[in-house]
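Structure assessment
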Amino acid sequence: MMDIGVTVFLGFLIGCLIMTMGGGGGGYYLGVMTTVLGLSASAAASTSLVTALPPLLMGVVSYSHEKQINYKVGFRMMAYAAPAVIIGSIAARFIDEKLYSIIVGLILAMIGVQFVLRSFKKKGKRKNDHSQTFNKVAPGLFGSLGGLMCGIGGLSGGAPVMSGLLFMGLDFTNAAATSAFTLTGIVAMGIVCHIRTGNVVWSAGIGLMIGSIIGAFVMPMLLTKLDPKKLNKYMVPILGVLLIVMGIKNMMMG
C-alpha cells in the first residue's frame, strides 16, 4: 500500500482542484484509485464517492460562510439529480459501459467546446427569450445528467452541474459554491446506491480523504478573495479545455 503521506498529498491536490471546479472530481479519485492504488473499478467507485463526501461538506461550510451559495438553484438541481442517481444505478446493469462512455464523452466535449467559444465572444447586456427559457430548463437538464453519471459510473457529476450553473450566468465563484452544495446531495445518494455493489477500501481512501478535506477547506477562502471577472475570464476556458480532454478520453475508452 502506498505511503499515507503520499496519498494525503494527492488528496490535498484533488481537494483544491475539485473546489476550484465546483466540487467535481470523481474522475480524479477514480483515476488515482484504479491506476495508482490498484483498486478494481467497483471498489474504486464506492470508495471514491465515500472519499468525496467529507471534503464536499467542508467546502460547502466554507462557501456558506462566505455567502457564495445560491441555495434556490442548488436545491432545484438536487431535486432532479436524486431520482436520476437511482435510475442510473438500476440502468447500469443493462447499459453497455463502452456505449455509455462514448455518449458521456460526446456531451462533455460539446460543453467544453461551447465554453471555449464563449470565452472569445463579447458578452452582450441583453438577455433574450432563449436564454431565459434555457435558465428554466438548465437545472433539470444538467442536474439529471450529473445524477445519471453518478448512478451509472460512480462519478460525482460535477462537470455537467458546474457547466449548467455557468451557462445560467452565475459567476465562477458562485457556480463553484453552488455546485459543491448540489453535489453533496448527489454523492450522498450515490453512496447509498453504490455501497451495495462495491466494497469501500478504507485503507486506500482515508489518506485521500484527509488530504482532500484540507484542500477543500483552504481553496474556497482563496477563491472568494480573487476578482470574479478575472476568474471567469481565465477559468471558464480552462474548464472548457479540461471538459474536451475528459470527453475525448471517455470516447477513447468506449
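Residues numbered from 1 in each chain as written. Predicted model: local features only at pLDDT ≥ 70, side-chain atom pairs only at ≥ 80, totals over all residues. Heavy atoms only, no water.

1. Describing the confidence of the model for the chain
On average, residues of the chain score 77 in pLDDT, and 78% of them reach the 70 mark or higher. In the model, residues 124–128 has pLDDT below 50 throughout and makes two contacts with residues more than four positions away in sequence or in other chains. (pLDDT = per-residue confidence, 0-100. Contact = heavy atoms within 4.5 Å.)

2. Comments concerning the packing of helix α4 (residues 71–91) against helix α8 (residues 172–194)
Running from N to C, α4 and α8 cross one another at 25°; their axes reach a closest spacing of 9 Å. If you check the angle between α4 and α8, you find them roughly parallel. With respect to the hand of their crossing, α4 and α8 are arranged in right-handed fashion. Counted together, Y71, G74, F75, M77, M78, A81, A82, V85, I86 and S89 of α4 and T178, F181, T182, T184, G185, I186, M189, G190 and C193 of α8 form the full contact between these two elements. (Axes fitted to C-alpha atoms, helices over the stretch in contact; angles between N-to-C directions. Helix = DSSP H or I, 4+ residues; strand = E, 2+ residues; numbered from the N terminus. Parallel < 35°, antiparallel > 145°, perpendicular 65-115°, else oblique. Left-handed = near helix turned anticlockwise from the far one by under 90°.)

3. Focus on the packing of aromatic side chains
Enumeration over the complete set of coordinates arrives at two aromatic pairs. Aromatic pair Y71 and F181: ring centres 5.1 Å apart, planes at 80°, arrangement edge-to-face. With Y71 in helix α4 and F181 in helix α8, the pair connects residues that are 110 residues apart, well separated along the chain. By relative accessible area, which is 36% here, Y71 ends up partly exposed. Between the aromatic rings of F75 and F181, the centroid separation amounts to 5.0 Å while the plane-to-plane angle is 85°, which identifies the pairing as edge-to-face. Of this pair, F75 sits in helix α4 while F181 sits in helix α8; the two residues are 106 residues apart in sequence, bridging distant segments of the chain. (Phe/Tyr/Trp six-rings, centres within 6.5 Å; stacked < 30°, edge-to-face > 60°. Buried < 20%, exposed > 50% of the residue type's maximum accessible area, 1.4 Å probe, protein only.)

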